[in-house]
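# Survey of secondary and tertiary structure
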Amino acid sequence: MPNAQPRTLALALVCAVFHISCTSQKRVANDHDHNVTPLARQYAEGETTRYIMTGSNQGREHTFNYTAHAEGIVKRDANGRFIEEFRWTELSFGGQKIPLDESSLNFRQHLSLDPNVDMTPPDITGINPMLIGPVFDLMTFYVDLHPSLHQGRLKQVGDRTHVAHGQPNSWADGTNVIIGQDCIDFDLTLQRMDEGVAVLNVRHVPPAETSIELPAKWMHERVNPESPNNWVQVQRAAADKSNSGAQVVAAAGHETFDVVLEIERPSGRIIKATMDNPVDVVQRHCDQSLNECGEPVKYRIRRQIELKRAP
């Protein structure tokens, strides 16, 4: 998003995924359905997994890159359900290693592919802000694979399910970002499956009708002719944040993102995951009414994330 840190977009995306998978869908019907699903996670208490995540956020003016290392161990929660407790051990931002303070090193992130566990966004209070993007990007991958999203419907290669959501998700802070919303639906396809690996594609796509707030007529003009705009942001112009009568930077756009997950069978562990998140944007400098605006500028924001299991 224009002039925004990558962590902000990561938070908005995972909130959208979290809402649909953990609150809007029923869980897998029963243990039998769960067991015959080739994407099922077979947990073993004490099992450890290490991941290396790399991310790139390419905007109009800046590109942000990070590398982060995470280590997870399988435990049981207070109710006896399986969870994976991750800690973050290394972080580099823009090619420079970032020392993690005590709060960041002590931070523990709980994720799970147990169908009886509803994941919730973690408490990130006190951690290094540069770690927030990796934390929520990792959660996005886990939520996209969570049984409550695919509902046991993906059993054979080529099986596909569409999950309608379409509700607006907001990252507005009311101070700098006055409006910040997107809305998405989900298309899931089991692309490949053999003795050792299953490949799942989760496409986050615009709904047939947008539900976001588009306060100016020009924002309704489609950036992509195939579907309505599903992304909007209005923020105060950088030089005038303290001036209530300042101009704003207003933008509307078309957002999708594709997640591809390579899953080890029969354990159900993630071997590799990628995310490609482009947003095609038309942006204008406007007055507060958003009706008196300068010439439009078109550009693309693109986030690309890769997760790999480490030895």
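The structure we're discussing is the one just above.
Quantities reported herein were computed from a predicted structural model and do not represent experimental measurements.

Here we come to the pairing of strand 10 (residues 197-205). Summarising burial for strand 10: eight of the nine residues are buried, a large majority. Where strand 9 (residues 185-193) and strand 10 come together, eight bridges link them in antiparallel fashion. Residue T189 lies in a different strand from strand 10, and its bridge partner there is N201. Connecting the antiparallel pair strand 9 and strand 10 is a turn made up of three residues. Pairing geometry for strand 10 and strand 13 (residues 257-264), over eight bridges, is antiparallel. Opposite V199, over in strand 13, you have E262 as the bridge partner.

Time to look at the pairing of strand 9. Both strand 6 (residues 160-163) and strand 9 contribute to a ladder of four bridges, which runs antiparallel. The partner of V163 across the bridge, within strand 9, is F186.

Next up on the list: the packing of aromatic side chains. In total, this model carries five aromatic pairs according to the counting rule given. For the pair F86 and Y142, a centre-to-centre distance of 5.9 Å together with 75° between the ring planes defines the contact as edge-to-face. Taken together, the residues F86 in strand 3 (residues 82-93) and Y142 in helix 4 (residues 132-145) connect sequence positions 56 residues apart. Residue F86 shares its accessibility class with Y142, and that shared class is buried. With a centroid separation of 6.0 Å and 35° between ring planes, the pair formed by W171 and W231 is classed as tilted. In this pair, W171 sits in the loop between strand 7 (169-170) and strand 8 (177-182) while W231 sits in strand 11 (residues 231-236), placing the two residues 60 residues apart along the sequence. No difference in accessibility class separates W171 from W231, as the two residues are buried. Site record: aromatic cluster; members linked through ring pairs are Y51, F86 and Y142.

With that out of the way, let us pick up the nonpolar core. If you look at the biggest cluster of nonpolar residues, it comprises 49 residues, and the most contacted ones within it are W88, F141, Y142, L200, L261 and I270. Top contributing element to this core by residue count: helix 4, with nine residues. Excluding its chain neighbours within four sequence positions, the residues that come into contact with L261 are F141, D144, L145, A198, V199, L200, V202, I270, K272 and A273. Among the nonpolar cores identified, the runner-up in size contains 15 residues, and A216, W218, M219 and A250 belong to it.

So, how was this worked out
Residues numbered from 1 in each chain as written. Predicted model: local features only at pLDDT ≥ 70, side-chain atom pairs only at ≥ 80, totals over all residues. Heavy atoms only, no water. Buried < 20%, exposed > 50% of the residue type's maximum accessible area, 1.4 Å probe, protein only. Helix = DSSP H or I, 4+ residues; strand = E, 2+ residues; numbered from the N terminus. Pairing = 2+ DSSP bridges. Phe/Tyr/Trp six-rings, centres within 6.5 Å; stacked < 30°, edge-to-face > 60°. Core = buried A, V, L, I, M, F, W, Y, C linked by side-chain atoms within 4.5 Å. Contact = heavy atoms within 4.5 Å.

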